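# Coordinate inspection notes
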Amino acid sequence: MLELLPPLNDHNLPWMDTLHPIVVHFVIAMGLITFVFDLIGSVAKKPALFEVSFWNLLFATAAIFVAILFGQVEAGLADPYGASSDILNWHSTIGWSLAGILSLLSAWRYVIRKNDPKQLPLAFLGAGGVLTVLILVQVTLGNQLIWVYGLHTVKVVEAMRAGLV
Amino acid sequence: MVHFIPSDSPIDQLAPALGPNGLPYSLPIHPNLVHLTIGLFVIAITFDIAGALYPVEKRVFRFLDLPVTRQGFHDVGWYNLLACAIASFFTVGAGFFEMLLAVPLPGVTSSIGLKSMETMLWHGVGGVLILLVIVAMTVWRGYQRFRWRKDMGRQVQWLYLLVGVAMFLVIGLHGTLGAELAAEFGVHITADQLLAAGADLKEALP
């Protein structure tokens, strides 16, 4: 499979920079803002915000599959060392789970919206809270992979190729 | 001509109080807030484009049995941009704090041919200018929504969308500089900084 990709550069990647962190902008921002707008919409009784969070949720759901696609390729090329292997495993597991959860929430929200777009059940708000916590955990794990272990950074790839890590 | 000859680096004053990544905490804040700035801006403009092209696409949504209103698309365009403008002050604020503490790896030239100080200057000044544009666009968007185009189906001017799409390119380039500060210059990355200091990662980061 790997021979189908262009040769690896000094980031150990077939493309210029890691693409996964770019695609996750849309999962993180749209996932978190869904809960924020649902919360404000419920507290301030502004049902127009429910429509805004619906579209954000739908976009987060679409984006996570693209994020996973690039995430899997880049994880496969990451050569994790030390404790970062475990972190990467957790990050992958939660990532796939989030794809399932976001899809379920989108489907649930579609039905809610179809029945009455001006009402949001408290249960959905609770689910949005759980989603928010999961996203924050997932972001923290991803942060450790890059900011602590420096996976796919030039310096770490260089050390790896020299057999130093 | 006589040029500037700095005597020492002020980061030395704080070094004992900082972690191996050069920050008083282990994970930088700016790159996380950036998710909000970029995600919210891009989706705001995208939905305003969808709202503007509504007459073209409404058949598709009818085919998908997805009830859609033009107003709903423009609501996403407005509220996401508003949230983007608010969040971006924190993005730039955190960015400044963390860039003041940045010590890039020596002797590196980025893949687009810039040295670390040039990259930081472009990314720092560019970041403030982008914040300025985002705030100006939010005010502009507000005027379109609440004054100029209040009773119109298409809530945004074509020029606004054009500026928005142009900003995608600017933000993309700007984000690349930021990504290079991390992945190439090793700024605030524990492993990179430890390697540069000559540490053995097998012991330092087990």
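### Concerning the overall build of chain B
Scanning chain B from terminus to terminus reveals 7 helices and 0 strands. Listed by position from the N terminus, the elements making up chain B come as α-α-α-α-α-α-α. Over its C-alpha trace chain B gives a radius of gyration of 22 Å, far above what one expects of a compact globule, namely 17 Å for 206 residues. Across chain B, the fraction of contacts at a sequence separation of at least 24, relative to all contacts at a separation of at least 6, is 77%.

### Quick look at the overall build of chain A
Counting its secondary structure elements, chain A contains 5 helices and 0 strands. When its C-alpha atoms are laid out on the principal axes, chain A stretches across 60 × 30 × 20 Å. For chain A, buried positions account for 44% of its 165 residues.

### Details of helix H1 (residues 30-52) of chain B
Compared with the 33 Å implied by 1.5 Å per residue over 23 residues, the 33 Å span of H1(B) between its first and last C-alpha is a close match. Here H1(B) lies mainly inside the structure; 21 of its 23 residues are buried.

### Section: the environment of Phe35(A)
Residues and elements named next belong to chain A. Examined against the element boundaries, Phe35 turns out to sit in helix H1 (residues 20-43). Taking the C-beta count within 10 Å as the criterion, Phe35 has 21 such neighbours and is therefore assigned buried. For the pair Phe35 and Ala60, spaced 25 residues apart in sequence, the C-alpha separation works out to 12 Å. Setting aside residues up to four positions removed in sequence, Phe35 forms contacts with Gly128, Gly129, Leu131 and Thr132.

### Some remarks on unusual backbone geometry
All names here are of chain B. A positive phi is found at Asp65, a non-glycine position, where the angle reads about 60°. By secondary structure assignment, the location of Asp65 is in the loop between helix H2 (54-63) and helix H3 (70-100). Among the residues examined, Asp65 registers 8 C-beta atoms within 10 Å and is labelled exposed.

### Overview of the packing of H1(B) against helix H5 (residues 158-183) of chain B
Axis angle and axis distance: for two packed helices, these are the angle between their axes and the distance between the axes, and together they describe the pair. All names here are of chain B. Running from N to C, H1 and H5 cross one another at 155°; their axes reach a closest spacing of 10 Å. Comparing their axes, H5 and H1 come out roughly antiparallel. Crossing of H1 over H5 shows left-handed handedness. Side by side, H1 and H5 meet where Val34, Ile38, Phe41, Val42, Ile45, Asp48, Ile49 and Ala52 of the first sit next to Leu161, Gly164, Val165, Phe168, Ile171, Gly175 and Gly178 of the second.

### Let's talk about the nonpolar core
Grouped together as the largest cluster of nonpolar side chains are 52 residues, with contacts concentrated most on Val27(A), Met30(A), Ala60(A), Leu40(B), Phe41(B), Ala44(B) and Cys84(B). Mapped onto this core, the elements with two or more residues apiece are H1, helix H2 (48-76), helix H3 (84-115) and helix H4 (122-148) of chain A together with H1, H3 and helix H4 (116-148) of chain B. Discounting residues that sit within four places of it in the chain, Ala60(A) has contacts with Phe26(A), Val27(A), Met30(A), Gly31(A), Thr34(A) and Leu102(A). One finds Ala159(A), Met120(B), Leu177(B) and Ala191(B) within the second-largest nonpolar core, a separate group that totals 30 residues.

### Looking at the interface of chain A and chain B
Contacts between the two partners involve 37 residues from chain A and, on the opposite side, 38 residues from chain B. Elements represented by at least two residues in the side of chain A that touches chain B include exactly H1, H2, H4 and helix H5 (154-161) of chain A. In terms of residues, the side of chain A that touches chain B owes the most to one element, H1(A), which gives 8 residues. Class assignment of the residues belonging to the side of chain A that touches chain B gives a composition of 24 nonpolar, 9 polar and 4 charged.

### Some details on the packing of H1(A) against H2(A)
Residues and elements named next belong to chain A. Between H1 and H2, the least distance of the axes is 7 Å, while the angle of their chain directions is 155°. With respect to their mutual orientation, H1 and H2 come out roughly antiparallel. Judged by the twist between their axes, the crossing of H1 over H2 is left-handed. A breakdown of the residues in the contact of H1 with H2 according to their chemical character gives 19 nonpolar, 7 polar and 2 charged.

### Some details on the confidence of the model for chain B
For chain B, mean pLDDT is 95; residues scoring 70 or higher make up 100% of the total. For this predicted complex, the interface confidence comes out at an ipTM of 0.93, alongside a pTM of 0.94.

### Here's the deal with H4(A)
For H4(A), built from 27 residues, the straight-helix expectation of 39 Å at 1.5 Å per residue is met to within 8% by its first-to-last C-alpha distance of 38 Å. Every buried residue of H4(A) is accounted for by Gly128(A), Leu131(A), Ile135(A), Gln138(A), Leu141(A), Gly142(A), Gln144(A), Leu145(A), Ile146(A), Trp147(A) and Val148(A). Tucked inside the fold, the buried residues of H4(A) contact H1 and H3 of chain A together with H5 and helix H6 (190-196) of chain B.

### Some points on the environment of Ala102(B)
Residue and element names in this part refer to chain B. Counting through the fold element by element, Ala102 comes out in the loop between H3 and H4. On the basis of neighbour counts, which here come to 21 C-beta atoms within 10 Å, the residue Ala102 falls in the buried class. Every residue in contact with Ala102, bar those within four places of it in the chain, is listed here: Gly22, Met120, Val187 and His188.

### Here we look at the environment of Arg145(B)
All names here are of chain B. On the secondary structure map, Arg145 appears in helix H4. For Arg145, a count of 18 C-beta atoms within 10 Å corresponds to the partly exposed category. If we skip the residues at most four places from it in the chain, Arg145 touches Trp78 and Gln155.

Scoring rules and cut-offs
- Residues numbered from 1 in each chain as written.
- Chains lettered and ligands numbered in written order.
- Predicted model: local features only at pLDDT ≥ 70, side-chain atom pairs only at ≥ 80, totals over all residues.
- Helix = DSSP H or I, 4+ residues; strand = E, 2+ residues; numbered from the N terminus.
- Rg over C-alpha atoms; globule rule 2.2 N^0.38 Å.
- Contact = placed C-beta atoms within 7 Å.
- Buried ≥ 20, exposed ≤ 12 C-beta atoms within 10 Å, placed from the backbone.
- Expected span 1.5 Å × (residues − 1).
- Axes fitted to C-alpha atoms, helices over the stretch in contact; angles between N-to-C directions.
- Parallel < 35°, antiparallel > 145°, perpendicular 65-115°, else oblique.
- Left-handed = near helix turned anticlockwise from the far one by under 90°.
- Core = buried A, V, L, I, M, F, W, Y, C linked by C-beta atoms within 7 Å.
- Nonpolar A, V, L, I, M, F, W, Y, C, P; charged D, E, K, R; others polar.
- pLDDT = per-residue confidence, 0-100.

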